[in-house]
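Fold and geometry: a report
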Amino acid sequence: MKRRDFLRKSLLAATGSIVLESGIVRAVENMNITKKKMEIVVLTGSPRRNGNSAYLAERFVKGAQEKGHEVYRFDCAFKQVEPCRACNRCGMDGLCVIKDDFNELRPHLIAADMVVFATPMYYFGISAQMKRVIDRFYAINEQIKGHYKKAAFLMTYADTAKKEAEPMLLHYHALMDYLGWESVGEVVASGVWTAGSVRNTHYGEQAYRLGKSI
Ligand SMILES: Cc1cc2nc3c(=O)[nH]c(=O)nc-3n(C[C@H](O)[C@H](O)[C@H](O)COP(=O)(O)O)c2cc1C
């Protein structure tokens with residue numbers, strides 16, 4: 001068999017695509033699709049730039065980037081995002097009347113293969129800074145609900161009782177069920193109070209490995 005035919009046959013077997021006369025390029029393009037480079041949106045929720053949840057996000061990002069994925073990070077606490085006004089002008093599938101930094105995030109969220117939520121615990125819940133961003137998902141609900149994405153949850157809190165993390169995990173999983181997204185991992189970092197104290201724990205490594213496993 002000629003080298004050219006062999007190549008064509010191998011590519012056909014690898015990609016399952018139909019190889020036309022100019023098909024080698026086409027098949028190689030398809031191979032790139034199957035390489036699964038992902039677009040990952042990372043939402044952080046803390047107003048502490050060098051805080052614990054930001055560190056977990058950083059470690060996750062390092063792992064994911066080492067695997068060749070593309071990351072878009074949106075630091076909710078440092079963006080101007082108003083809470084949803086419930087005017088319903090978007091009809092859960094349109095343009096939001098509020099013109100603010102959510103517009104930057106919007107196309108990334110819709111296109112993302114994965115969304116990561118990195119937040120501190122504030123009174124047993126997700127930080128308000130992140131929650132107001134999640135509530136703005138309302139305007140793109142129809143474009144993200146039932147559109148499969150992977151997701152991960154990175155959370156930090158000062159207390160050490162496992163039970164205290166349950167409401168946040170419940171909230172996160174309810175959100176995943178509703179949106180039809182798949183959670184591929186959670187890092188629940190307890191016992192971290194002061195900014196950066198998580199650096200002395202194994203949770204950074206957990207977040208890194210999670211990123212690397214994607
Ligand atoms: C407004 C506020 C509320 C908090 N609520 C809780 C809480 O309910 N339970 C808890 O264990 N820690 C609570 N904490 C502590 C933070 O969750 C903890 O310091 C966390 O590591 C902060 O993460 P960050 O450094 O990413 O901001 C609270 C801190 C703040 C500022």
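Throughout this description, residue numbers start from 1 for each chain and increase along the sequence as written. For this predicted model, a pLDDT threshold of at least 70 governs which residues receive local features, and a threshold of 80 or more governs which side-chain atom pairs are given and counted, while totals over whole chains, interfaces and linings are taken from all residues. Water and hydrogen atoms were dropped before computing side-chain values, which therefore reflect all heavy atoms in the structure.

Put simply, a patch holds well-exposed residues, over 30% relative accessible area, that have no salt bridge, with like charges counted together within 9 Å and Val, Leu, Ile, Met, Phe, Trp or Tyr side chains within 5 Å. All accessibility values rest on the Shrake-Rupley procedure with a 1.4 Å probe; residue burial counts only the protein chains present in the view. The rule for a salt bridge is simple: a side-chain nitrogen of Lys or Arg has to be within 4 Å of a carboxyl oxygen of Asp or Glu. A surface patch of nonpolar side chains, amounting to about 400 Å² of accessible area, comprises Tyr-122, Tyr-123 and Phe-124. Locating Tyr-122 in the fold gives a position in strand S3 (residues 114-122). Burial classes follow relative accessibility: with a 1.4 Å probe on protein chains only, a residue under 20% of its type's maximum area counts as buried, one over 50% as exposed, and anything between as partly exposed. In this structure Tyr-122 comes out as partly exposed when scored by relative accessible area, which is 34%. What counts as a helix is a DSSP run of H or I of at least four residues, what counts as a strand is a run of E of at least two, and both are numbered from the N terminus.

A separate point is the layout of surface pockets. In this structure, the largest pocket occupies an estimated 340 Å³ of space. For the lining of the largest pocket, the elements supplying multiple residues, two or more each, are helix H3 (52-66) and S3. With three residues, the single largest contributor to the lining of the largest pocket is S3. The nonpolar class holds Ala, Val, Leu, Ile, Met, Phe, Trp, Tyr, Cys and Pro. Asp, Glu, Lys and Arg form the charged class, and all remaining residues, Gly among them, are polar. By residue class, the composition of the lining of the largest pocket is nine nonpolar, five polar and three charged. Space inside and on the surface of the protein is sampled on a 1 Å grid over the protein atoms alone, with a cavity defined as a set of points where a 1.4 Å probe fits but cannot get out and a pocket as an open set with protein on both sides within 12 Å along at least 5 of 7 lines; lining residues have an atom within 4 Å of a point. Grid points are joined across faces, edges and corners, and a volume is the space filled by probe spheres set on the points.

Take the pattern of salt bridges next. Counted under the stated rule, the structure contains ten salt bridges. Glu-66 is paired through a salt bridge with Lys-212; the nearest N and O atoms lie 2.9 Å apart. Taken together, the residues span a long stretch of sequence, with Glu-66 in helix H3 and Lys-212 in helix H8 (residues 203-212) at a distance of 146 residues. Judged by its relative accessible area of 36%, Glu-66 is partly exposed. Given the relative accessible area of 33%, Lys-212 is considered partly exposed.

Here the focus is the site of the ligand. Taken together, the neighbourhood of the ligand is formed by 16 residues, with Ser-46, Asn-52, Ser-53, Met-121 and Val-192 sitting nearest. Polar contacts, as used here, are pairs of N or O atoms within 3.5 Å; protein pairs need one atom able to donate a hydrogen and one able to accept it. Residues neighboring in sequence count only if both atoms are side-chain atoms. In this structure, an oxygen atom belonging to the ligand sits 2.5 Å away from a side-chain N or O atom of Ser-53. Measuring from an oxygen atom of the ligand, one finds a side-chain N or O atom of Thr-156 at 3.0 Å. Starting from 640 Å² of accessible surface for the ligand in isolation, the protein chains cover 80%. Think of it this way: if more than half of a molecule's atoms are within 2 Å of a pocket's grid points, that molecule is in the pocket or cavity. More than half of the atoms of the ligand fall within 2 Å of the grid points belonging to the largest pocket. Only a single heavy atom is needed: when it lies within 4 Å of a molecule or strand, its residue is near that molecule or strand.

Moving on: the environment of Arg-49. As for its position among the elements, Arg-49 is in the loop between strand S1 (39-44) and H3. For Arg-49, a relative accessible area of 54% corresponds to the exposed category. Only heavy atoms enter the contact rule, under which two residues are in contact if any of them lie within 4.5 Å. Those residues in contact with Arg-49 that sit more than four places away from it in its chain are Ala-54 and Phe-78.

A separate point is helix H5 (residues 128-135). Listed in full, the buried residues belonging to H5 are Gln-129, Met-130, Val-133 and Ile-134. Looking down the long axis of H5, one finds its buried residues gathered within 135° of arc, a one-sided arrangement. Its buried side turned inward, H5 meets S1, strand S2 (70-75), helix H4 (102-111), S3, strand S4 (125-126) and helix H7 (166-179). The directions from the helix axis to the C-beta atoms form the arc being described.

This part takes up the nonpolar core. In terms of nonpolar packing, the biggest core is built from 32 residues, with Leu-43, Leu-105, Phe-117, Phe-137 and Trp-181 touching the most fellow members. Those elements that place two or more of their residues in this core are S1, S2, H4, S3, H5, strand S5 (150-156) and H7. No other element matches the six residues that H7 contributes to this core. Leave out the neighbours within four places in its chain, and Trp-181 touches Val-115, Phe-117, Phe-137, Ile-144, His-147, Lys-149, Ala-151 and Met-176. Throughout this description, the term nonpolar core refers to a set of buried Ala, Val, Leu, Ile, Met, Phe, Trp, Tyr and Cys residues connected via side-chain atoms within 4.5 Å. Membership of the second largest hydrophobic core comes to 22 residues, among which are Met-38, Val-42, Leu-56 and Ala-152.

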